[in-house]
Amino acid sequence: MIIDYGSRPPVPAFTQTATTHLQRYRTVYQSSEKAAARQDSFEEYLAAYDALGAEHIVVKARDLETTFGWRIANEDVAAFCREQGPRFVGFAGVDPNKGMVAVRELDHAVRELGLRGLNLQCFEHKLAINDKKMYPLYAKCIELDIPVNLHCSINFATSTLMEFGRPALLDEVMVHFPELRVCAAPPGFPWVHELIGVAWRHANVHIGLVAVRPKYLSVAGSGYEPLLQYGRTILQDRIIFGSAYPLMPLERTVREIEALPLEEDVRWKWLYGNAKRFLRL
């Protein structure tokens, strides 16, 4: 049984045809996206999750209108989740550059549309994790008692800064908002130790093992090895699996986690238990 914390269904509402700022990702993830193409149709996509025993799949909206003129609408994500049933858990996406408009949109997305979290890909907003434009949204997440997903790693969109996702910036946010429930995903590269330090300091910070091949956690020199060491010990309750489909193929990604040298109970936490508790499902 698994929970996939990050997936983009192959349906029109989630298409990214207008996202020219992400073209570099097509090069970086070319081989893994090709491997994921076996689930090109929605029926094949659902069948792949059935085969893996997926209980829940998290799908996320995004609003990049002020920076890149594009969005995955909250209304579309909510409609998709209603149509597909409780298996799919929707996160809202709002644009922090819109100020109070974004705060009101988040409130509406949760209270009226039934979405269960907030997705902020800070590099796409051209804002750092600790930019004060983000603070009203962090406060609203605490008020609504929902988690926030924060891009916390390198990004490959060369029209925006890599620094926006640096994990050390999250430390300041958590000092100011200790009640905020955060999943930092992807898991911090090339600042993996930095993200581990932030999560060690702040009990409400989780690390999303998203958009990275799990096998690299056991490859010497990859930079991801500390995630395996700390993720099976002091942070074993804070690692959350996400395939980032279609960036990564579903079955291969799960099998690579199963092949890691983890205790069975820790593997269960990574693939299922931690996400269930974090999402309060």
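You'll find the structure just up there.
So, here's what we can say about the structure. The shown structure was predicted, so the numbers you read here are calculated from the model rather than taken from an experiment.

1. Structural notes on the overall build of the chain
Moving on, step 1. Summing up its helical and strand segments, the chain has twelve helices and ten strands in all.
Moving on, step 2. In terms of overall dimensions, the chain is globule-like: its C-alpha atoms have a radius of gyration of 17 Å, near the 19 Å expected for 281 residues.
Moving on, step 3. The principal-axis extent of the C-alpha atoms belonging to the chain is close to 45 × 40 × 35 Å.
Moving on, step 4. Looking at the chain as a whole, 59% of its 281 residues are labelled buried.
Moving on, step 5. Looking at the chain as shown, the accessible area adds up to about 11400 Å², and 53% of this sits on carbon and sulfur atoms.
Moving on, step 6. Distance between charge centroids for the chain: 2 Å, based on 32 positive and 33 negative side chains.

2. Observations concerning the packing of aromatic side chains
Moving on, step 1. Counted under the stated rule, the structure contains 14 aromatic pairs.
Moving on, step 2. Measuring from ring centre to ring centre gives 5.1 Å for Y45 and Y49, while their planes differ by 85°; the resulting arrangement is edge-to-face. Placement of the pair is Y45 and Y49 together in helix α3 (residues 42–52), with a separation of four residues, close to one helical turn.
Moving on, step 3. Under the relative-accessibility criterion, Y49 is labelled buried at 0%.
Moving on, step 4. Measuring from ring centre to ring centre gives 6.0 Å for Y135 and Y138, while their planes differ by 50°; the resulting arrangement is tilted. Of the two residues, Y135 and Y138 are both situated in helix α7 (residues 135–144); the distance of three residues between them amounts to about one turn of the helix.
Moving on, step 5. Linked through ring pairs, F14, F42, Y45, Y49, F80, F88 and Y245 together constitute an aromatic cluster.

3. What to know about the packing of α3 against helix α11 (residues 250–258)
Angle between the axes and distance between the axes: these two values describe a pair of packed helices.
Moving on, step 1. Packing of α3 against α11 leaves a shortest axis separation of 10 Å and a crossing angle of 20°. Classified by the angle their axes make, α3 and α11 are roughly parallel. Seen along the crossing, α3 lies across α11 with a hand that is right-handed. Contacts between α3 and α11 involve Y45, A48, Y49 and L52 from the former and L250, E251, V254 and R255 from the latter.
Moving on, step 2. The residue inventory of the contact of α3 with α11, partitioned by class, reads six nonpolar, no polar and two charged.

4. What to know about the pattern of salt bridges
Moving on, step 1. Applying the stated criterion across every chain yields a total of 21 salt bridges.
Moving on, step 2. With its nearest N and O atoms 3.1 Å apart, the salt bridge here joins R111 to E143. Here E143 lies in helix α7 and R111 lies in helix α5 (residues 100–111), a separation of 32 residues in the sequence.
Moving on, step 3. Among the ionic pairs, E194 bridges to R166, the shortest N-O distance being 2.9 Å. Placement of E194 in helix α9 (residues 192–201) and of R166 in the loop between β7 (148–150) and α8 (167–176) is noted, with a sequence separation of 28 residues between them.
Moving on, step 4. A residue is classified by how much of its surface remains accessible, and E194, at 23% relative accessible area, is partly exposed.
Moving on, step 5. Connected through shared salt-bridge partners, D63, E65, R71 and K98 make up one network.

Thresholds, definitions, all that
Residues numbered from 1 in each chain as written. Predicted model: local features only at pLDDT ≥ 70, side-chain atom pairs only at ≥ 80, totals over all residues. Heavy atoms only, no water. Helix = DSSP H or I, 4+ residues; strand = E, 2+ residues; numbered from the N terminus. Rg over C-alpha atoms; globule rule 2.2 N^0.38 Å. Buried < 20%, exposed > 50% of the residue type's maximum accessible area, 1.4 Å probe, protein only. Areas by Shrake-Rupley, 256 points an atom, 1.4 Å probe, with all protein chains shown as cover. Lys, Arg positive; Asp, Glu negative; His and termini not counted. Charge placed at Lys NZ, Arg CZ, Asp CG, Glu CD. Phe/Tyr/Trp six-rings, centres within 6.5 Å; stacked < 30°, edge-to-face > 60°. Axes fitted to C-alpha atoms, helices over the stretch in contact; angles between N-to-C directions. Parallel < 35°, antiparallel > 145°, perpendicular 65-115°, else oblique. Left-handed = near helix turned anticlockwise from the far one by under 90°. Contact = heavy atoms within 4.5 Å. Nonpolar A, V, L, I, M, F, W, Y, C, P; charged D, E, K, R; others polar. Salt bridge = Lys/Arg side-chain N within 4 Å of Asp/Glu carboxyl O.

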